[in-house]
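Close look at the chain arrangement
Read off the chains here:
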Amino acid sequence: MGISTELLDICIPSGIFCYRNIKKATDDSENGEKTRSTVAFAQGAKIVEAITKYNDETAKNAFSIFDKYAKQSKIIDYTGKAVNWATHNVNPLICMSGAVKVLTSDDKVHTGITQTGALAGMFLGEGLMKLHMGKVINEQNITKLVEKVKDTKGLKTVANKLLKSGNCGKTASILKGLLFVGGSISSFAVGEKIGNNCADRICADFGIESPKKINQKV
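**Let's talk about the overall build of the protein**
From N to C terminus, the protein includes ten helices and zero strands. Along the protein, from the amino end to the carboxyl end, the secondary structure elements read α-α-α-α-α-α-α-α-α-α. Counting over 218 residues, the protein shows a buried share of 31%. Long-range pairs, those at least 24 residues apart, make up 73% of the contacts in the protein with a sequence separation of at least 6. Here the protein displays about 13,900 Å² of accessible surface, and carbon together with sulfur accounts for 62% of that area.

**Side note on the confidence of the model for the protein**
Averaged over all residues, the pLDDT of the protein equals 85, while 81% of them reach at least 70. Per-element confidence in the protein is highest for helix H6 (residues 108-136), whose mean pLDDT is 97, and lowest for helix H3 (residues 57-70), whose mean pLDDT is 54.

**Topic: the pattern of salt bridges**
A full pass over the atoms with the stated rule returns four salt bridges. For glutamate 147, the salt bridge identified is with lysine 150, shortest N-O distance 2.9 Å. Owing to a relative accessible area of 37%, glutamate 147 belongs among the partly exposed residues under this scheme. Exposure remark for lysine 150: the relative accessible area of 29% places this residue in the partly exposed category. By sharing partners, the salt bridges in this structure join Glu33, Arg36 and Lys101 into a single network.

**Comments concerning the nonpolar core**
Counting residues in hydrophobic clusters, the biggest one holds eleven residues: Phe17, Met129, Met133, Ile137, Ile142, Val146, Ala159, Cys168, Ala172, Phe180 and Val181. Secondary-structure elements contributing two or more residues to this core are H6, helix H7 (139-149) and helix H9 (167-205). In terms of residues, this core owes the most to one element, H9, which gives four residues. Ignoring any residue separated from it by four or fewer positions in sequence, one finds cysteine 168 in contact with Glu139, Ile142, Thr143, Val146, Leu162 and Leu163. Core analysis: the next-biggest nonpolar cluster, separate from the first, contains ten residues, Val90, Ala118, Met122 and Phe188 among them.

**Focus: the side chain of serine 105**
In this fold, serine 105 is placed in the loop between helix H5 (90-103) and H6. The exposure class of serine 105 is buried, given its relative accessible area of 14%. At 2.8 Å, the side chain of serine 105 and the side chain of threonine 111 are in polar contact.

**Things to note about the packing of helix H1 (residues 5-25) against H9**
Working note: a packed helix pair is described by the angle between its axes plus the distance between those axes. Orientation of H1 relative to H9, taken along the N-to-C sense of each, is 30°, at an axis distance of 8 Å. Looking at the two axes, H1 sits roughly parallel to H9. Our pair here, H1 against H9, has a crossing hand that is right-handed. Here Thr5, Leu8, Asp9, Ile12, Pro13, Ile16, Phe17 and Arg20 of H1 come into contact with H9, specifically with Gly169, Lys170, Ser173, Ile174, Lys176, Gly177, Leu178, Phe180, Val181, Ser184 and Ile185.

Here is what the cut-offs are and how they apply
Residues numbered from 1 in each chain as written. Predicted model: local features only at pLDDT ≥ 70, side-chain atom pairs only at ≥ 80, totals over all residues. Heavy atoms only, no water. Helix = DSSP H or I, 4+ residues; strand = E, 2+ residues; numbered from the N terminus. Buried < 20%, exposed > 50% of the residue type's maximum accessible area, 1.4 Å probe, protein only. Contact = heavy atoms within 4.5 Å. Areas by Shrake-Rupley, 256 points an atom, 1.4 Å probe, with all protein chains shown as cover. pLDDT = per-residue confidence, 0-100. Salt bridge = Lys/Arg side-chain N within 4 Å of Asp/Glu carboxyl O. Core = buried A, V, L, I, M, F, W, Y, C linked by side-chain atoms within 4.5 Å. Polar contact = N/O pair within 3.5 Å; in protein donor to acceptor, adjacent residues only side chain to side chain. Axes fitted to C-alpha atoms, helices over the stretch in contact; angles between N-to-C directions. Parallel < 35°, antiparallel > 145°, perpendicular 65-115°, else oblique. Left-handed = near helix turned anticlockwise from the far one by under 90°.

Now the structure itself:
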């Protein structure tokens, strides 16, 4: 069975986000975010769920066996429910990770405002992409584009492969996944920058000094 567009829609962005969160969780520097491991786990669980739902009958059978034993074991049952919750609540886990970062920060006010800006920017950017990206990048538009260049020298071979059944849809899914990740990261960065500037201004207006600056004076 080939890879479906539905599977690509989930696995491309989730796979990249999972890798990035693992990197954040295992970062040994002072900027490391250990709580990101739960987000990475949730993203990985989404990939497994997508595989079982859209592509792999063997995995589906394995999960049916899991369900059978879950009825006999409370531990397995609770574990399965925890995995299921994490799979469908990635954003709350990201928010929880941000909250932990604020609570463990020496500069809670500044960090809190910055994190709020970063997450707000990310969720806004992702929300807009979910609303509009599919209208632009889809199988129909990719097919039209490929049709226009299929007779262009140097593109014929690639174009003919893309025009085979399903390939334009898969290409659209891959492009959407990559652009979604890039847009999410950019939105987070922009939100973080705005939040950081706001935090600087608010802290200055209220006379709140950063612990780092206080330590430097000492």
